[in-house]
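So the chains spell out like this:
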Amino acid sequence: MAGAIESLLVEDRIFPPPQDFARQAAVSGMDQYHALCAQAAEDHVGFWARHAREQLQWHKPFTRALDDSNAPFYKWFDDGELNASANCLDRHLGTPTENKTAIIFESDGGEVTSVTYRELHDRVCRFANGLKSLGYGKGDRAIIYLPMSIEGVVAMQACARLGIIHSVVFGGFSAKSLQERIHDVGASLVITADEQVRGGKSIPLKPAVDEAFAMGGCDTVRKVIVYQRTGAAVSMVEGREITWSQLVDGQSSECPPEYVSAEHPLFVLYTSGSTGKPKGVQHSTGGYLLHALLSMRWTFDLKPTDVFWCTADIGWVTGHSYVAYGPLAAGATQVVFEGVPSYPDSSRFWRMIARHKVSIFYTAPTAIRALIKACESDRATHPTQFDLSSLRLLGSVGEPINPEAWMWYHTNVGGGRCPIVDTFWQTETGAHVVTPLPGATPLVPGSCTLPFPGVDVAVVDETGGEMPNGQGGILVIRKPWPAMIRTIWNDPNRFKQSYFPPELHGFYLAGDGAVRNKQTGYFTITGRIDDVLNVSGHRMGTMEIESALVANKLVAEAAVVGRPDDVTGEAIVAFVVLKGVRPTDAAAAAKVAKELRDWVGKEIGPIAKPKEVRFGDNLPKTRSGKIMRRLLRVIARGEDITQDVSTLENPAILEQLKQVL
Ligand code: WTA
């Protein structure tokens, strides 16, 4: 069946923008797209400066758009002053947007709460005033460990309002991961909830904060604020910990924004790299917000009447740019969803689109693939059973979308009439880098098409020479752009080494492979070129998982690789050498495997749990002791080894590792 569908998909199948869509689009037709690119090519800095002046509200205008005197530590608009929260909220007051719905929140259980821009502004101000009363202000760091909620957005916006640098930690990360982030960023404030509710289950959050503190290294934290999501009894340390409602009680709904330099860090967000511990990606205020907002206008073609829904959690960059900042700066009405797509059943997304008349829907391929699978076994959850006529644009993010999933999304969710924007970008890029503009770009399933105007993307070889179209290479960005990562928190050397290797002569190294189509020049992302996996759209470093495994008392050695997976994109496979004897029967192996999976869940978070654990007396190594991961990748896929294994010291080990117990 899959083969039959595949054969329908000729690679050059093209979906031009529907005429009525193109007619009213912000960027209409390829001529307009090329004109924007030409303007940027002619005067890169002037292009961005013009948009920065037009799109953002400046307290003090900038006089210098780009300072590249200390490359790659670029500064954009740095003598200009603004406030991100004022640009998301105050700018709408006194306009028709003031009384427009900003957020439609739907809880896991289905209750709906809405706030207007005026109400959101007031809530942000009250919370910010509360933080101020505790002595917090510009430059302090706050860890936000909250569920998807209006409160999550309020907390981020309130920090931005005061110049507090926030670092959101995804609620699915463990106490250990939380502790590492608190420590690395030197947080003086933690904002959390008693519990989060997902898929009908309550999952503790505050107890994880307590656990993180118990691990030590969190002495910088002065206060913990607890949003009572469920009202569950949680321990509160007197003097240090207060509830959200205690904090905002009696606070004024006016809080003047703290104007900061455009270069003031807006947030630090931790993401996985190929080596060592997660890196704290530091973003600026002005440049970041500019690109987040501009992509709302160009990529999402946002109109005042749209209802926008990005399903990403605020714990990821997508939830920063396309929940907490972009949509608000653009004055959109957006849906924020607490739960999961599979609860109470797999029609949840379709029901919510119909219920809230969502017109722009942005989600991850992994969710689409899971929902395709679900509706194959339960027809009642098929999207065509629901009224999705409000949709006019679909988006995809986080991982490559395979052409079959693209076609299914286009046909069954988009009714064949909605363009799909397959947006390629990264935590480090801040916003879209390669993406269709829906009123202009003819779409090809499986391709993220062409660069966002003003982002100089190219495919090059290892020394920075441009590859001809049709030949694969590595993806780079040749010129600085406003929303780019500024540095890695506390580790400027790692920033330089990771993203600006000397052999690329100042190009930004994205870490992905790519190829451009021979005729169209369209980009297709071919996957990471480093040891980073993409599991359900979540970035995971293989080294991180390996370090977690070897920290277990049973484990002598471990190697982690990815294997293609129909639903999650990639799945984690761990090869483990135990300190004791290797389990040889299925029951014993399953028992140890479960113990190790749970361990990884505790060390990092459930998303990092290996799908499969295999045991060997050793790992395949070269004579110099290097683990041959490429062989492990072949074994993990269940394929036969055809590569040369002559450099292998212990070839017999391969047979052992091939065994699935
Ligand atoms: C992958 C998520 C193909 C890529 C916004 C990138 C994609 C990593 C796409 C960044 C896409 C993201 N097509 N691959 N449309 N979007 N990726 O930092 O490997 O969580 O480097 O940012 O996801 O993941 P991150």
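Just so we're clear, the structure is a prediction, and the values are computed from it rather than from any experiment. (Residues numbered from 1 in each chain as written. Predicted model: local features only at pLDDT ≥ 70, side-chain atom pairs only at ≥ 80, totals over all residues. Heavy atoms only, no water.)

Engineer: In this structure, what is going on with empty space enclosed by the protein? I would like to understand it.
Structural biologist: One water molecule sets the probe size; rolling that probe over the atoms shows where empty space is left. Under the defined criterion, the tally for this structure stands at three cavities of 30 Å³ or more. If you add up the space inside the largest cavity, you get close to 40 Å³. Lining the largest cavity, in full, are Ala 84, Ala 160, Gly 163, Ile 164, Ile 165, Val 260, His 264, Pro 265, Leu 266 and Thr 285. Across the lining of the largest cavity, the residue classes break down as seven nonpolar, three polar and no charged. (1 Å grid on protein atoms, 1.4 Å probe; cavity = no way out; pocket = protein on both sides within 12 Å on 5 of 7 lines; lining within 4 Å. Points joined across faces, edges and corners; volume = space filled by probe spheres on them. Nonpolar A, V, L, I, M, F, W, Y, C, P; charged D, E, K, R; others polar.)

Engineer: Is there a simple way to think about the side chain of Glu 195 in this case?
Structural biologist: Within the fold, Glu 195 resides in strand 9 (residues 195–198). Buried and unpaired, Glu 195 has no salt bridge, with Arg 229 as the nearest side chain of opposite charge at 7.8 Å. Within the structure, Glu 195 has its side chain in polar contact with the side chain of Thr 230 (distance 2.5 Å). Not counting residues up to four positions away in its chain, the partners in contact with Glu 195 are Pro 147, Ser 202, Ile 203, Pro 204, Leu 205, Arg 229, Thr 230 and Ala 232. (Helix = DSSP H or I, 4+ residues; strand = E, 2+ residues; numbered from the N terminus. Buried < 20%, exposed > 50% of the residue type's maximum accessible area, 1.4 Å probe, protein only. Lys, Arg positive; Asp, Glu negative; His and termini not counted. Salt bridge = Lys/Arg side-chain N within 4 Å of Asp/Glu carboxyl O. Polar contact = N/O pair within 3.5 Å; in protein donor to acceptor, adjacent residues only side chain to side chain. Contact = heavy atoms within 4.5 Å.)

Engineer: Is there a simple way to think about the sheet that holds strand 18 (residues 360–363) in this case?
Structural biologist: Working definition: the strands of a sheet are paired by backbone hydrogen bonds and lie parallel or antiparallel to each other. Reading across the sheet, the seven strands line up as 5-4-17-16-18-19-20 and stay open at both edges, with mixed pairing between neighbours. Either end of the sheet is taken by a strand with one partner, and the two such strands are strand 5 (112–116) and strand 20 (420–423). Pairs of neighbouring strands in the sheet enclose a mean axial angle of 20°, with direction left out of account. Two strands pair when backbone bridges link them, and strand 16 (residues 307–310) and strand 18 are joined in this way by three bridges, in the parallel orientation. From the neighbouring strand, Phe 308 faces strand 18, where its bridge partner is Ile 360. (Pairing = 2+ DSSP bridges. Axes fitted to C-alpha atoms, helices over the stretch in contact; angles between N-to-C directions.)

Engineer: Can you walk me through unusual backbone geometry in this structure?
Structural biologist: Working note: non-glycine residues mostly have negative phi, and peptide bonds are mostly trans. Cis peptide bonds are those with omega within 30 degrees of zero, and the linkage from Ala 71 to Pro 72 qualifies with 5°. Within the secondary structure layout, Pro 72 lies in the loop between strand 1 (66–67) and strand 2 (75–76). Put simply, Tyr 343 and Pro 344 share a cis peptide bond, and its omega is -5°. One can find Pro 344 in the loop between strand 17 (333–337) and helix 13 (348–356). Phi is positive for Thr 449, which is not a glycine, with a value near 65°. Structurally, Thr 449 is set in the loop between strand 20 and strand 21 (457–460). Accessibility expressed as a relative area gives 0% for Thr 449, which makes it buried. Although it is not a glycine, His 505 sits at a positive phi angle of roughly 50°. Within the secondary structure layout, His 505 lies in the loop between helix 16 (492–499) and strand 24 (508–516). What makes His 505 exposed here is its relative accessible area of 59%.

Engineer: Any chance you could explain the sheet that holds strand 21 here in plain terms?
Structural biologist: With respect to topology, four strands assemble into an open sheet ordered 21-22-24-25, the strand pairing being antiparallel. Of all the strands in the sheet, the pair left with one neighbour each is strand 21 and strand 25 (523–528). When strand polarity is set aside, the average angle formed by the axes of neighbouring strands in this sheet is 45°.

Engineer: Before we go on, may I ask you to explain the packing of helix 3 (residues 29–42) against helix 4 (residues 44–55) in this structure?
Structural biologist: The relative placement of two packed helices comes down to the angle between their axes together with the axis-to-axis distance. As a packed pair, helix 3 and helix 4 sit with axes 4 Å apart at the nearest point and diverge in direction by 120°. In this structure, helix 3 contributes Leu 36, Gln 39, Ala 40 and Glu 42 to the contact, and helix 4 contributes His 44, Phe 47 and Arg 50. Split into classes, the residues belonging to the contact of helix 3 with helix 4 amount to three nonpolar, two polar and two charged.

Engineer: For this particular structure, what's the right way to read the pattern of salt bridges?
Structural biologist: Oppositely charged side chains can form a pair if their charged atoms are brought close together. A full pass over the atoms with the stated rule returns 39 salt bridges. A salt bridge links Glu 180 to Lys 176, with the nearest nitrogen and oxygen atoms 3.8 Å apart. Separated by four residues within a single helix, Glu 180 and Lys 176 lie in helix 8 (residues 175–185), roughly one turn from each other. Among the residues examined, Glu 180 registers a relative accessible area of 32% and is labelled partly exposed. Of the residues examined, Lys 176 reaches a relative accessible area of 24% and is grouped as partly exposed.

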